[in-house]
Amino acid sequence: MSYGLQYFTIADTDLASEHQKIYDSEINIQIGWVWDGGIDVRLGEGIRRYLSEANVRSVSAIVPRLQEAIAYFYPESEYAASLDAEIRTRAARRVWPERAVLVVLVAR
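Positions within a chain are numbered from 1, following the residues in the order the chain's sequence is written. Only residues with pLDDT of 70 or above have their local features reported here, since the model is predicted, and side-chain atom pairs are shown and tallied only from 80 upward, although totals for entire chains, interfaces and linings are computed over all residues. Derived side-chain values reflect all non-hydrogen atoms in the structure, with water molecules and hydrogen atoms excluded from consideration.

**Some details on the side chain of E18**
With respect to the helices and strands, the residue E18 is situated in helix α1 (residues 10-24). One polar contact links E18 to Y79, side chain to side chain, over a distance of 2.5 Å. Numbered from the N terminus, helices here are DSSP runs of H or I no shorter than four residues, and strands are runs of E no shorter than two. Any pair of nitrogen or oxygen atoms within 3.5 Å is treated as a polar contact; in protein, a donor-acceptor pairing is required on top of that, and neighbouring residues in sequence qualify only through side-chain atoms on both sides.

**Observations concerning the pairing of strand β1 (residues 29-33)**
Two strands are said to pair when DSSP picks up at least two bridges between them. As defined by bridge partners, β1 adjoins strand β2 (residues 39-43) across five bridges and the pair is classed as antiparallel. Across the sheet, Q30 pairs through a bridge with R42, a residue of β2. Linking β1 back to β2 in an antiparallel pair, the connection comprises five residues, with W35 at a positive phi of about 50 degrees.

**Quick notes on unusual backbone geometry**
Look at E26: it is not a glycine, yet its phi comes out positive at around 60 degrees. When you line up the elements, E26 lands in the loop between α1 and β1. We classify E26 as exposed; its relative accessible area is 73%. Although it is not a glycine, W35 adopts a positive phi angle of roughly 50 degrees. A relative accessible area of 79% means that W35 is categorised as exposed. Categorising residues by exposure relies on relative accessible area from a 1.4 Å probe, with only protein chains included: less than 20% of the type maximum marks a residue as buried, more than 50% marks it as exposed, and the intermediate range marks it as partly exposed.

**Points about the packing of aromatic side chains**
Each pair of aromatic rings taken from Phe, Tyr and Trp, with Trp reduced to its six-membered ring, is defined by centres within 6.5 Å and is described as stacked if the planes are under 30 degrees apart, edge-to-face if over 60, and tilted in the remaining cases. Under the definition given, this model contains three aromatic pairs. Note on Y72 and F73: the rings are 4.9 Å apart at their centroids and 80 degrees apart in plane angle, and the pair reads as edge-to-face. For Y72, a relative accessible area of 26% translates into the label partly exposed. Three or more aromatic residues joined by ring pairs form one cluster here, namely Y72, F73 and W96. To sit over a ring, a charge needs its Lys NZ or Arg CZ within 6 Å of the ring centre and within 35 degrees of the ring normal. Geometry around W96 places R94 over its ring, the cationic atom sitting 4.5 Å from the centre.

**Some thoughts on the environment of G32**
Among the structural elements, G32 can be located in strand β1. Classification of G32 as partly exposed rests on a relative accessible area of 24%. Sequence separation of G32 and N55 is 23 residues, and the distance between their C-alpha atoms is 9.6 Å. Note on contacts: a residue pair is in contact if any heavy atoms of the two residues lie within 4.5 Å. Apart from residues no more than four positions distant in its own chain, G32 is found in contact with G38, I39 and D40.

Right, here's the structure in full:
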């Protein structure tokens, strides 16, 4: 078994490109995983609480999840403005469980 450098494909380049755009918009994200527990995708600074947290089952699900979350939670960002109108509309219509928790926290 070799644990060396992995070479990237075109799909990986697209993933890197999207992450670079998010970084350039100064939006904080965190992506991580432990063994086979899925991939944790978080949006926000995480000082007290993330704006959005999800566990996805594939790398291909990371970007769509981040796009919708950013369109909803950072609608005025340069990154959100660059997204297709369909993504922004879907994000606006989606029920965000995280948002319900934030409303309860703010209301107290």
